[in-house]
Amino acid sequence: DGTFRPDEAITRQQLSAMLYRYAGLEGRAGEGVPLSDFTDAGEIGAYARCAMEWAYGEGLIAGTGSGTLAPAGRATRAQTAVILTRYLECCGEVRV
């Protein structure tokens, strides 16, 4: 919605979108893979569809044990750490 909410929890699709956009700035964001195997693929926000496809295709995110991606689910600290570690392994170092 365009508002800045630094104290809000981040969702899995928001985290994917941030990394996708960052990777794009670095020239590292490519094509993704279709997510049609996941029962909740239709719940992914339009702004995050390409990002989720890319993140899944790169192996940054995985589905849950129930065959879903949980795009609007909160990314726990552990999930965020794993996703960031995988990003560093596949896409190179982060520059700040």
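Residues numbered from 1 in each chain as written. Predicted model: local features only at pLDDT ≥ 70, side-chain atom pairs only at ≥ 80, totals over all residues. Heavy atoms only, no water.

A. How the structure looks around the overall build of the protein chain. On a plain count of helices and strands, the protein chain comes out with three helices and zero strands. What you see in the protein chain, going N to C, is helices and strands ordered as α-α-α. Over its C-alpha atoms the protein chain spans a radius of gyration of 13 Å, differing by no more than 12% from the 12 Å that the globule rule assigns to 96 residues. Expressed as lengths along the three principal axes of its C-alpha atoms, the size of the protein chain is roughly 35 × 30 × 25 Å. Residues counted as buried form 32% of the 96 residues belonging to the protein chain. Pairs at least 24 apart in sequence give 71% of the contacts found in the protein chain among residues at least 6 apart. Taken as a whole, the protein chain presents about 6100 Å² of accessible surface, with 53% of it coming from carbon and sulfur. Computed over 9 positive and 12 negative side-chain charges, the separation of the two mean positions in the protein chain equals 4 Å. (Helix = DSSP H or I, 4+ residues; strand = E, 2+ residues; numbered from the N terminus. Rg over C-alpha atoms; globule rule 2.2 N^0.38 Å. Buried < 20%, exposed > 50% of the residue type's maximum accessible area, 1.4 Å probe, protein only. Contact = heavy atoms within 4.5 Å. Areas by Shrake-Rupley, 256 points an atom, 1.4 Å probe, with all protein chains shown as cover. Lys, Arg positive; Asp, Glu negative; His and termini not counted. Charge placed at Lys NZ, Arg CZ, Asp CG, Glu CD.)

B. Inspection of the side chain of T68 at higher detail. With respect to the element layout, T68 can be found in the loop between helix 2 (49-57) and helix 3 (77-91). For T68, the side chain forms a polar contact with the side chain of S66, separated by 3.3 Å. Sequence-distant contacts of T68, defined by excluding residues within four places in its chain, comprise F38, T39, D40 and G63. (Polar contact = N/O pair within 3.5 Å; in protein donor to acceptor, adjacent residues only side chain to side chain.)

C. Seen up close, the packing of aromatic side chains. Taken as a whole and judged by the stated rule, the model has four aromatic pairs. Geometrically, the ring pair formed by F38 and Y56 is edge-to-face, given 5.1 Å between the ring centres and 90° between the ring planes. With F38 in the loop between helix 1 (12-25) and helix 2 and Y56 in helix 2, the pair connects residues that are 18 residues apart, well separated along the chain. Taking the relative accessible area as the measure of exposure, Y56 reaches 31% and is therefore partly exposed. The structure contains a cluster of three or more aromatic residues connected by ring pairs, namely Y20, Y22, W54 and Y87. (Phe/Tyr/Trp six-rings, centres within 6.5 Å; stacked < 30°, edge-to-face > 60°.)

D. Main features of helix 1. Between its first and last C-alpha atoms helix 1 spans 20 Å; for 14 residues at 1.5 Å apiece the expected length is 20 Å, and the two agree. Along helix 1, the residues classified as buried are R12, Q13, L15, S16, A17, L19, Y22 and A23. Positive backbone phi, approximately 75°, marks G27, located one or two places after helix 1. (Expected span 1.5 Å × (residues − 1).)

E. Local environment of the nonpolar core. Residues L35, M52, W54, L69 and Y87 are the most contacted members of the largest nonpolar core, which totals 19 residues. Elements that contribute at least two residues to this core include exactly helix 1, helix 2 and helix 3. With four residues, helix 1 is the single largest residue contributor to this core. Once residues within four sequence positions are removed from consideration, M52 is found in contact with R12, Q13, S16, L35, I44, I61, L69 and P71. (Core = buried A, V, L, I, M, F, W, Y, C linked by side-chain atoms within 4.5 Å.)

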